[in-house]
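Residues per chain are reported as follows:
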Amino acid sequence: MSGMMGAGMAWRHLRSDRSVVNNRLSRQTVRRVVGFARPHRGLISVFLVLTVIDASLVVVTPLLVQKIVDDGILAGDRGLVTLLALAMAGFAVFNAVLSVLAGWLSSRIGESLIFDLRSQVFAHVQRQSMAFFTRTQTGALVSRLNNDVIGAQRAFTSTLSSTVSNSIAAVVVGVTMLALSWQVTLLCVALFPLLFLASRFVSNRLAGLTREQMDGNADLGNNMTERFNVGGAMLLKLFGRRDDEDALFRTKAAKVRDLGVRISLITRIFGATMVLVPALATALVYGVGGQLVISDTLTIGTLLALATLLLRLLGPLQGLSNVRIDVMTAVVSFERVFEVLDLPSLIVEKDDAVVLPRSAARLEFDRVGFTYPSAAELSLPSLEGVARPEAGASGPVLHDVSFTADVGRMVALVGPSGAGKTTVTHLVARLYDATSGTVRVGGHDVREVSLQSLEDAVGYVTQDAHLFHDTIRANMLYARPGADDGEIWSSLEAAQIAETVRRLPDGLDTVVGDRGYRLSGGERQRLAIARLLLKSPGIVVLDEATAHLDSESEAAVQRALDAALEGRTSLVIAHRLSTVRNADLILVLDEGRIVQSGTHAELLAEGGLYADLYRTQFVDDVSARG
Ligand SMILES: Nc1ncnc2c1ncn2[C@@H]1O[C@H](COP(=O)(O)OP(=O)(O)OP(=O)(O)O)[C@@H](O)[C@H]1O
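Identification of the protein as ATP-binding cassette subfamily B protein from Nocardioides marinisabuli is taken from an unreviewed UniProt entry. Per UniProt, the protein carries the Sequence similarities (unreviewed entry) text "Belongs to the ABC transporter superfamily. Siderophore-Fe(3+) uptake transporter (SIUT) (TC 3.A.1.21) family." Heading Subcellular location (unreviewed entry) of the UniProt record for the protein holds this comment: "Cell inner membrane".

As structure tokens, then:
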């Protein structure tokens, strides 16, 4: 096992990055890593004991060779030859069992560690604010976390075991060789620096190239994910950019190809050196040792034992020369994972948070100002490529916004594009926190209540009405896990989508979402409304679809909305004439300020921005209805 591990390890060092050695090993990181290992300390101890036993036994076979040649074959003792051969076979079996056992333990420890880290990172990232997700490239974050988590677990399996087993093997083999023949041993050892020089030279070059290749591959991957999702593929077709895209892809792929060839060449040179130096050393053993045998200073058995031992010394020495890089690489991976775990969420729940009743329905904005958080508040040093700091800081998006939506009332937001309507709605369920002023739900400052109860009290229907790639039932249950089919159907009924679902091949079990059954825009929205009805929150925040639906779906969506808003307090980004007409209060937003407020009739009479918007945004609506 040790021999094989040695060669594998040597190979891995070539792929690791020497620059990590410059990092300082912080005591705090070490303490945290130990903390992660603690739950598995029992398994780790057994694993280490096995590793020590395995490493110490590396000299057994060569010594058996010595005995079998000198005392058995040359002495003509058939009995001893048989006995020692059996001992060799038995030892080989023992070694095999040991290696399976150690491998099993190592993967148990490693996989458990990956599991722990992954679960913690997932739980933590999930609790990040929306601001984090709007700035983070999902694919890059996911791949980065996967790689770092796996890199981190290496510290516990490969690095830990190889360091322990290499040190022990090197000492045991070295001492045995010296005891057998100090002259031959010293001569061979003199050759080893050559091996280290070669490996150092190659690993420096290879580390850089490998990093370039990884970046190149990541770039290629990102390029594909961006273009092969439905949105990207559509854009590509609509703009007829196939040829340019081909060219771009080929340039990126060519870079990866060229790097691959260079890496493979350097790897070959290294591989050849790895074979050459031991071969030279072996020649030396036989050359010098042979002379000693002829002059009767050494037995043939000892010579053979020396030659075998020599090969078992190389791997461990090679491995040890890179221990620092290995340990630091693992530590850096841990630090990257910790960095994500330590990234504070901008939205946190207070320790003494109040539980808001689900029926809480009064919504109040009190002199609310808002600025989107800057990249500096969110970015991760190790994920620079993911959360890129932007050039200029963005200014305030909302100024002094005050209004009240009384229980059961509908407040409509209207205003030109970019006025801040969506931003206002985001502050209700704390997708973002107000920078100044207070948002109150049910009379409580939203920052004082528990996140779960706030999310239960407020329901959203957004324009894109995202559905998971899962069945309609699962998508509905996401809103209320305990609901039975009867409740699901009555929500679908009220949202005017039950008929459509009934007609689907698998009814509630039809898979929808990203790659599922294609629902039309209107159907998607009605399904989202049904989901909201099942959740049954006190406050509804709604972004009306801007896309024009045909008059039939328009009427169906309208009836669904009437059901959704019935008896609930609502905040609606209005695009329809019927909505503004029905609203109890219309807020006209411009450049983040409420510039007018009142009912449709009042505002029309008042003139100004609302009257303009009415003519531009709602006029089609008016003419469409004759
Ligand atoms: N995540 C973000 N980070 C920084 N600035 C943002 C972010 N989201 C929106 N903004 C900015 O905030 C301002 C208000 O945007 P918002 O989406 O609230 O407008 P809107 O009135 O809903 O517009 P529309 O009707 O076009 O959807 C815009 O200038 C926009 O560029």
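(A) A look at the site of the ligand. The local shell around the ligand consists of Tyr372, Val397, Pro416, Ser417, Gly418, Ala419, Gly420, Lys421, Thr422, Thr423 and Tyr432. With respect to the ligand, the backbone of glycine 420 contributes an N or O atom lying 2.9 Å from an oxygen atom. Here an oxygen atom of the ligand and a side-chain polar atom of threonine 422 are 2.4 Å apart. It is helix 13 (residues 421-428) that contributes the most residues to the shell around the ligand, 3 residues altogether.

(B) Representation of the packing of helix 10 (residues 242-294) against helix 11 (residues 300-321) within the structure. Between helix 10 and helix 11, whose axes approach to 10 Å, the crossing angle comes to 155 degrees. Here helix 10 lies roughly antiparallel to helix 11, going by the angle between them. Crossing geometry of helix 10 relative to helix 11 is assigned as right-handed. Each of Phe270, Met274, Pro278, Ala281, Thr282, Val285, Tyr286, Gly289, Gly290 and Val293 in helix 10 lies in contact with helix 11, whose residues at this interface are Ile300, Leu303, Leu304, Leu306, Ala307, Leu310, Leu311, Leu314 and Gln318. Its residues assigned to classes, the contact of helix 10 with helix 11 shows 15 nonpolar, 4 polar and no charged.

(C) Examining a negative patch on the surface more closely. A contiguous patch of negative charge on the surface is contributed by Glu349, Asp351, Asp352 and Glu455. For glutamate 349, a relative accessible area of 40% translates into the label partly exposed.

(D) Representation of the pairing of strand 1 (residues 363-371) in the model. Here strand 1 runs beside strand 2 (residues 396-405); their pairing, made up of 6 bridges, is antiparallel. When the sheet's bridge partners are listed, threonine 371 is paired in strand 2 with proline 396. Of the pairings in the sheet, the one linking strand 1 to strand 4 (residues 436-441) comprises 5 bridges and is antiparallel in character. Among the inter-strand pairings, phenylalanine 365 is bridged to a residue of strand 4, identified as valine 439.

(E) Highlighting the domain arrangement of the protein. Assigned domains within the protein: domain 1 (26-181 + 329-346), domain 2 (182-297) and domain 3 (407-434 + 449-624). Relative to domain 3, the C-alpha centre of domain 1 lies at a distance of 55 Å.

(F) Structural detail: a nonpolar patch on the surface. Residues Met234, Leu235, Leu238 and Phe239 make up a contiguous nonpolar surface patch of about 480 Å² in total accessible area. Along the chain, the position of leucine 235 falls in helix 9 (residues 230-238).

(G) Representation of the UniProt feature "transmembrane region" (unreviewed entry) in the protein. Annotation from UniProt places "transmembrane region" (unreviewed entry) at residues 43-65, 80-105, 168-197, 265-286 and 292-314. A distance of 37 Å separates the end C-alpha atoms of residues 80-105, which is 100% helix and 0% strand. With 100% helix and 0% strand, residues 265-286 has end C-alpha atoms that lie 32 Å from one another.

(H) Spatial organisation of the environment of valine 285. Along the chain, valine 285 turns up in helix 10. Sequence separation between valine 285 and leucine 187 is 98 residues, and the spatial gap between their C-alpha atoms is 8.3 Å. Sequence-distant contacts of valine 285, that is, excluding residues within four places in its chain, are made with Val184, Cys188, Gly290, Leu303, Leu306, Ala307 and Leu310.

(I) The arrangement of the sheet that holds strand 3 (residues 410-414) in detail. Ordered in space as 6-9-10-3-11-12, the 6 strands form an open sheet in which the pairing is mixed. Since the sheet does not close on itself, it has two edges, and those belong to strand 6 (458-461) and strand 12 (593-598), each with one partner. The sheet shows a mean angle of 20 degrees between the axes of neighbouring strands, taken without regard to direction. Taken together, the 4 bridges between strand 3 and strand 10 (residues 569-573) define a ladder with parallel strand orientation. Opposite valine 411, over in strand 10, you have leucine 571 as the bridge partner. Sheet strands touched by helix 13: strand 3, strand 6, strand 9 (539-543), strand 10 and strand 11 (585-590). Its angle to strand 10, the strand with the most contacts, is close to 150 degrees. This element, helix 18 (residues 521-535), spans strand 6 and strand 9 of the sheet and lies at about 175 degrees to strand 6.

(J) Geometry of the sheet that holds strand 1. Sheet architecture is open: 4 strands sit in the order 2-1-4-5, paired in antiparallel fashion. The two strands at the open ends of the sheet, each matched to only one other strand, are strand 2 and strand 5 (444-445). Across the face of the sheet, helix 13 comes into contact with strand 1, strand 2 and strand 4 while running at roughly 120 degrees to strand 1.

(K) Looking closely at the nonpolar core. One finds Val414, Ile472, Leu492, Ile529, Val580, Ile586 and Tyr610 to be the most contacted residues of the largest nonpolar core, which totals 45 residues. In terms of residues, this core owes the most to one element, helix 18, which gives 7 residues. Formed by 33 residues, the second largest nonpolar core is a distinct cluster that contains Ala131, Leu363, Val401 and Ala419.

(L) Local environment of the pattern of salt bridges. Scanning the model with the defined rule gives 21 salt bridges in all. Here arginine 430 and aspartate 433 are joined by a salt bridge, their closest N and O atoms 2.8 Å apart.

Cut-off values and rules
Residues numbered from 1 in each chain as written. Predicted model: local features only at pLDDT ≥ 70, side-chain atom pairs only at ≥ 80, totals over all residues. Heavy atoms only, no water. UniProt positions renumbered as here; feature names shortened; annotations may be inferred. Near = heavy atom within 4 Å. Polar contact = N/O pair within 3.5 Å; in protein donor to acceptor, adjacent residues only side chain to side chain. Helix = DSSP H or I, 4+ residues; strand = E, 2+ residues; numbered from the N terminus. Axes fitted to C-alpha atoms, helices over the stretch in contact; angles between N-to-C directions. Parallel < 35°, antiparallel > 145°, perpendicular 65-115°, else oblique. Left-handed = near helix turned anticlockwise from the far one by under 90°. Contact = heavy atoms within 4.5 Å. Nonpolar A, V, L, I, M, F, W, Y, C, P; charged D, E, K, R; others polar. Patch = residues over 30% accessible without salt bridge, like charges linked within 9 Å, V, L, I, M, F, W, Y side chains within 5 Å. Areas by Shrake-Rupley, 256 points an atom, 1.4 Å probe, with all protein chains shown as cover. Salt bridge = Lys/Arg side-chain N within 4 Å of Asp/Glu carboxyl O. Lys, Arg positive; Asp, Glu negative; His and termini not counted. Charge placed at Lys NZ, Arg CZ, Asp CG, Glu CD. Buried < 20%, exposed > 50% of the residue type's maximum accessible area, 1.4 Å probe, protein only. Pairing = 2+ DSSP bridges. Domains from an automatic or database assignment. Core = buried A, V, L, I, M, F, W, Y, C linked by side-chain atoms within 4.5 Å.

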